[in-house]
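One-letter residues, chain by chain:
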Amino acid sequence: MAFLADALSRVKPSATMVVTQKARDLKNAGRDIISLSVGEPDFDTPDNIKQAAIEAIKRGETKYPPVLGIPPLREAIAKKFQRENGLDYKASDVIVGTGGKQILYNAFLVTMNKGDEVIIPAPFWVSYPDMVLLNGGEPVLIPTRIEDGYKLQPEDLERAITPRTKWLVLNSPSNPTGAAYTRDELKALTDVLVKHPHVWVLSDDMYEHLTYGDFAFTTPVQIEPSLKPRALTMNGVSKAYAMTGWRIGYAAGPAELIKAMDMVQGQQTSGACTISQWASVEALNGPQDFIPERRKAFEERRDLVVSMLNQAKYLQCPKPEGAFYVYPSVKDAIGKKAASGRLIGTDEDFVSELLEQEGVAAVHGTAFGQGPNFRVSYATSLKTLEEACKKIQKFTAELR
């Protein structure tokens with residue numbers, strides 16, 4: 001349509017949203033559907049956090065907030081970075097946004113010029129490249145390998161950097177693979193960045209609290225403090241605190257960058273919802289004892305799903321270090337025919353047939369920039385996961 005902006009031709013709808021909606025539509029039409037497509041904890045927001053929101057409403061905390069975020073929340077975020085990550089940020093170095101997406105988008109908006117490059121390891125969260133494209137930049141996608149645990153290798157990073165490189169985006173633990181970088185793996189990457197002072201690093205730490213076994217989470221500035229003047233460390237309350245719908249993301253970074261993000265947010269949405277902000281103060285300052293309990297439940301689910309999918313014919317499913325996703329390869333299923341007679345030519349064919357035949361919704365890997373794979377979210381009950389994995393096993397067993 002002639003009146004729409006040219007920039008729209010560079011982006012596509014979020015594949016995870018598309019699959020989730022398709023599963024909803026089938027369910028509404030009476031089909032028995034198990035959706036493993038949505039990246040959302042099935043746990044409820046803890047009661048103390050809900051209560052903090054109720055108290056905020058009763059106190060009349062319903063006026064416009066500062067664009068950067070209410071001072072008590074920015075103080076709580078600065079303390080969180082110090083307490084959990086050893087990062088020394090002041091409240092004035094912090095910005096609060098309407099979800100992590102707004103933080104990321106605005107960081108690109110205020111720093112990108114036409115043709116600037118952003119290095120994004122693949123597989124990647126679906127929104128990164130489109131955000132870069134919408135802001136006039138060029139995503140530079142670096143494929144990772146299953147044998148490297150889907151983690152960016154320092155030599156591949158070194159090769160990808162050019163004079164036009166503006167950002168490296170690192171997401172650990174990762175959506176969609178669940179891969180998380182150890183301290184040594186991250187150090188190898190930060191060593192490369194130290195040699196290229198024009199490259200900034202955007203660390204998306206949204207799944208920080210969802211790591212398993214004895215894995216120790218670290219973030220780039222923690223490992224290489226000299227990167228602090230060119231790093232934005234982003235996080236939020238969505239995953240760890242089961243607050244996806246409250247829409248609060250936050251970040252800390254250099255004063256000049258935060259000031260620029262504050263300015264554009266002031267012309268965009270202004271400050272995030274006050275009630276959600278007061279709930280987030282309680283989330284960060286209040287009891288944290290439920291996090292290990294929920295982490296244990298997620299770890300149990302991960303182990304079940306990895307075990308059952310590795311027993312499915314033609315699938316290879318690595319065991320990830322974190323988040324609540326697995327990313328099995330369907331390479332050996334490509335070229336086979338489903339029970340319906342339809343050819344599985346791509347990973348998108350695989351998930352479409354799986355949904356049609358078995359009523360299990362998952363997202364194809366090429367949507368995340370690398371296939372043939374599919375992403376399974378195990379943010380649901382063990383019983384549901386067991387039933388879904390049995391259906392996947394049945395589906396693959398019938399491929400010919």
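About the cut-offs
- Residues numbered from 1 in each chain as written.
- Predicted model: local features only at pLDDT ≥ 70, side-chain atom pairs only at ≥ 80, totals over all residues.
- Heavy atoms only, no water.
- Pairing = 2+ DSSP bridges.
- Helix = DSSP H or I, 4+ residues; strand = E, 2+ residues; numbered from the N terminus.
- Phe/Tyr/Trp six-rings, centres within 6.5 Å; stacked < 30°, edge-to-face > 60°.
- Buried < 20%, exposed > 50% of the residue type's maximum accessible area, 1.4 Å probe, protein only.
- Lys NZ or Arg CZ within 6 Å of the ring centre and 35° of its normal.
- Patch = residues over 30% accessible without salt bridge, like charges linked within 9 Å, V, L, I, M, F, W, Y side chains within 5 Å.
- Areas by Shrake-Rupley, 256 points an atom, 1.4 Å probe, with all protein chains shown as cover.
- Salt bridge = Lys/Arg side-chain N within 4 Å of Asp/Glu carboxyl O.
- Axes fitted to C-alpha atoms, helices over the stretch in contact; angles between N-to-C directions.
- Parallel < 35°, antiparallel > 145°, perpendicular 65-115°, else oblique.
- Left-handed = near helix turned anticlockwise from the far one by under 90°.
- Contact = heavy atoms within 4.5 Å.
- Nonpolar A, V, L, I, M, F, W, Y, C, P; charged D, E, K, R; others polar.

Once that is clear, we can look at the sheet that holds strand β12 (residues 374-377). As a general point, the strands of a sheet are linked pairwise by backbone hydrogen bonds and lie either parallel or antiparallel. If you trace the 3 strands from one edge of the open sheet to the other, you get β9-β12-β11, paired in antiparallel fashion. Edge positions in the sheet fall to β9 (325-326) and β11 (363-364), since each of these pairs with one other strand and no more.

On to the packing of aromatic side chains. Tallied over the entire structure, the rule returns 15 aromatic pairs. Judged by centre distance (5.7 Å) and plane angle (75°), the rings of Y207 and Y325 are edge-to-face. One end of the pair, Y207, is in the loop between β6 (200-204) and α8 (220-223); the other, Y325, is in strand β9, with 118 residues separating them in the sequence. Comparing Y207 with Y325, the two get one shared label, buried. Ring geometry for F350 against F395: centres 5.2 Å apart, planes inclined by 85°, an arrangement best described as edge-to-face. Residue F350 is found in helix α12 (residues 347-358), and its partner F395 is found in helix α13 (residues 382-397); the two are separated by 45 residues along the sequence. No difference in accessibility class separates F350 from F395, as the two residues are buried. Every member of this aromatic cluster is reached through a ring pair, and the members are F43, Y207, F298, F324 and Y325. The ring of W278 carries the charged tip of R59 above its face, separated from the ring centre by 4.8 Å.

Here we take up a nonpolar patch on the surface. On the surface, a nonpolar cluster with roughly 390 Å² of combined accessible area is contributed by F3, L4, L8 and L134. Mapped onto the elements, L134 comes out in helix α5 (residues 127-134).

Orientation of helix α2 (residues 47-59) relative to helix α10 (residues 274-285), taken along the N-to-C sense of each, is 135°, at an axis distance of 8 Å. Classified by the interaxial angle, the pair formed by α2 and α10 is oblique. Note on packing geometry: the crossing formed by α2 with α10 is right-handed. Only I275, W278, A279, E282 and A283 of α10 make contact with α2, whose side of the interface consists of N48, I49, A52, A53, A56, I57 and R59. A breakdown of the residues in the contact of α2 with α10 according to their chemical character gives 9 nonpolar, 1 polar and 2 charged.

Bringing the pattern of salt bridges into the picture now. Following the criterion strictly, the structure yields 26 salt bridges and no others. In this structure, E84 and K80 form a salt bridge, with 2.9 Å as the shortest nitrogen-oxygen distance. Pair noted here: E84 and K80 are both in helix α3 (residues 71-85), with a separation of 4 residues, about one helical turn. Residue K80 is classed as buried on the basis of its relative accessible area, which comes to 1%. The shortest N-O distance in the salt bridge between K319 and D303 comes to 3.7 Å. With a gap of 16 residues between them, K319 in the loop between α11 (290-310) and β9 and D303 in helix α11 connect regions that are remote in the sequence. Residue K319 is classed as exposed on the basis of its relative accessible area of 51%. One salt-bridge network, in which partners are shared between bridges, spans K80, R83, E84 and E208.

Geometric values such as these leave the question of function open.
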